[in-house]
Amino acid sequence: MLEEFVEDIAEAKKKRKDYEKLMRKLKKIKAKKLDAFFSDEHDKQFERIDCLDCANCCSTTSPIFRDVDVKRISKYFRIKPVEFEKSYLRRDEDDDLVLKSSPCSFLDEDNSCLIYDVRPMACREYPHTNRKRMEAILDLTKTNSEICPAVARIFKSMEAQLNVTTK
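The rules behind the values
Residues numbered from 1 in each chain as written. Predicted model: local features only at pLDDT ≥ 70, side-chain atom pairs only at ≥ 80, totals over all residues. Heavy atoms only, no water. Axes fitted to C-alpha atoms, helices over the stretch in contact; angles between N-to-C directions. Helix = DSSP H or I, 4+ residues; strand = E, 2+ residues; numbered from the N terminus. Parallel < 35°, antiparallel > 145°, perpendicular 65-115°, else oblique. Contact = heavy atoms within 4.5 Å. Nonpolar A, V, L, I, M, F, W, Y, C, P; charged D, E, K, R; others polar. Core = buried A, V, L, I, M, F, W, Y, C linked by side-chain atoms within 4.5 Å. Buried < 20%, exposed > 50% of the residue type's maximum accessible area, 1.4 Å probe, protein only. 1 Å grid on protein atoms, 1.4 Å probe; cavity = no way out; pocket = protein on both sides within 12 Å on 5 of 7 lines; lining within 4 Å. Points joined across faces, edges and corners; volume = space filled by probe spheres on them. Phe/Tyr/Trp six-rings, centres within 6.5 Å; stacked < 30°, edge-to-face > 60°. Lys NZ or Arg CZ within 6 Å of the ring centre and 35° of its normal. Expected span 1.5 Å × (residues − 1). Arc of directions from axis to C-beta.

Chemist: Is there a simple way to explain the packing of helix α5 (residues 67-77) against helix α6 (residues 81-88) in this structure?
Modeler: Relative placement of two packed helices is described by the angle separating their axes and the distance separating the axes. It is the contact of α5 with α6, at a shortest axis distance of 8 Å, that shows an interaxial angle of 95 degrees. When the axis of α5 is compared with that of α6, the two are roughly perpendicular. Here Val70, Lys71, Ile73, Ser74 and Phe77 of α5 lie close against α6, whose contacting residues are Pro81, Phe84 and Glu85. A breakdown of the residues in the contact of α5 with α6 according to their chemical character gives 5 nonpolar, 1 polar and 2 charged.

As structure tokens, then:
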């Protein structure tokens with residue numbers, strides 16, 4: 001299963017230019033229809049993919065931690081928010097709070113999350129393919145196609161459905 005996920009991600013990386021063409025088509029679709037399109041594909045892919053079999057997002061990227069996330073997680077650990085920040089987080093080039101290191105400090109050996117019930121909103125919503133206003137995050141979604149095999153498969157399916165031809 002993991003090999004299949006690696007192949008999905010590798011294929012998405014190879015198709016970067018093709019997905020630019022797909023993005024132009026997606027941007028022409030009306031917002032509600034686009035949201036429904038992504039939501040349907042999201043549901044199809046997550047019926048077949050279990051995140052615990054992959055955890056590439058947790059292994060390679062960091063979510064953004066909002067102040068409310070820091071407070072909630074700090075409370076869970078029974079430490080002050082400033083202690084949590086000092087131990088686990090840093091400010092990135094966009095001045096967002098992100099993890100100091102990768103893989104995620106809270107990723108367990110079995111790919112489960114040690115703070116699942118209090119995880120950041122960015123983790124709760126990842127890969128952001130079943131939300132409203134997809135048009136606002138299409139570029140992020142294209143980036144996520146190179147991290148999450150489900151998103152890679154969503155793009156592959158959409159490319160086929162919209163008859164986006166290459167070359």
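Chemist: I would appreciate a short explanation of unusual backbone geometry in the present structure.
Modeler: Most peptide bonds take the trans configuration, and most residues that are not glycine carry a negative phi. In this model, Ser102 is joined to Pro103 through a cis peptide bond whose omega is 0 degrees. With respect to the element layout, Pro103 can be found in the loop between β2 (97-99) and α7 (121-125). Between Tyr126 and Pro127 the backbone carries a cis peptide bond, its omega angle lying at 10 degrees. Phi angles above zero are rare outside glycine, and Ala55 is one such case at about 60 degrees. As for its placement among the helices and strands, Ala55 is situated in the loop between α3 (31-48) and α4 (56-60).

Chemist: Whenever I open this one, the nonpolar core confuses me. Can you help?
Modeler: One finds Leu22, Leu26, Leu34, Phe38, Leu138, Phe155 and Met158 to be the most contacted residues of the largest nonpolar core, which totals 22 residues. Of all elements in the fold, only α1 (2-14), α2 (16-27), α3 and α9 (149-161) reach the threshold of two or more residues within this core. Ranked by the residues each element gives to this core, the list is headed by α9, at 6 residues.

Chemist: Got a minute to help me understand the layout of surface pockets in this structure?
Modeler: Gaps left between atoms show up when a probe the size of a water molecule is rolled over them. Space inside the largest pocket adds up to approximately 1,000 Å³. Taken together, 42 residues form the lining of the largest pocket, with Cys57, Cys58, Ala122, Cys123 and Tyr126 sitting closest to its centre. Of all the elements in the fold, those that place two or more residues in the lining of the largest pocket are α3, α4, α7, α8 (138-144) and α9.

Chemist: Explanation requested: the packing of aromatic side chains in the structure shown.
Modeler: When we look at a pair of aromatic rings, we describe it by the centre distance and by the angle of the planes. Summed over all chains, the structure comprises 10 aromatic pairs. Where Phe65 meets Phe84, the ring centres are 6.2 Å apart and the plane angle is 50 degrees; that geometry is what we call tilted. With Phe65 in the loop between α4 and α5 and Phe84 in helix α6, this pair connects stretches of sequence that are 19 residues apart. A centroid spacing of 6.1 Å and a plane angle of 15 degrees characterise the contact between Phe84 and Phe106, whose relative ring orientation is stacked. Highlighted residues: Phe84 in helix α6 and Phe106 in the loop between β2 and α7, separated in sequence by 22 residues. The pair Phe84 / Phe106 is uniform in exposure class, with both members buried. Stacked on the ring of Tyr116, the Lys or Arg Arg119 has its end atom at 3.8 Å from the ring centre.

Chemist: Explain α3 to me, please; I cannot follow it from the model alone.
Modeler: Counting along an α-helix, one turn takes 3.6 residues, and residues three or four places apart therefore face a common direction. End to end, α3 covers 26 Å across 18 residues, agreeing with the expected 26 Å (1.5 Å per residue, within 8%). Of the positions making up α3, those classed as buried are Leu34, Asp35, Phe37, Phe38, Glu41, His42 and Gln45. The buried residues of α3 occupy an angular sector of 160 degrees when the element is viewed end-on, so they sit on one face. α3 presents Lys32, Lys33 and Glu47 as exposed residues on the side facing more than 90 degrees away from its buried surface.

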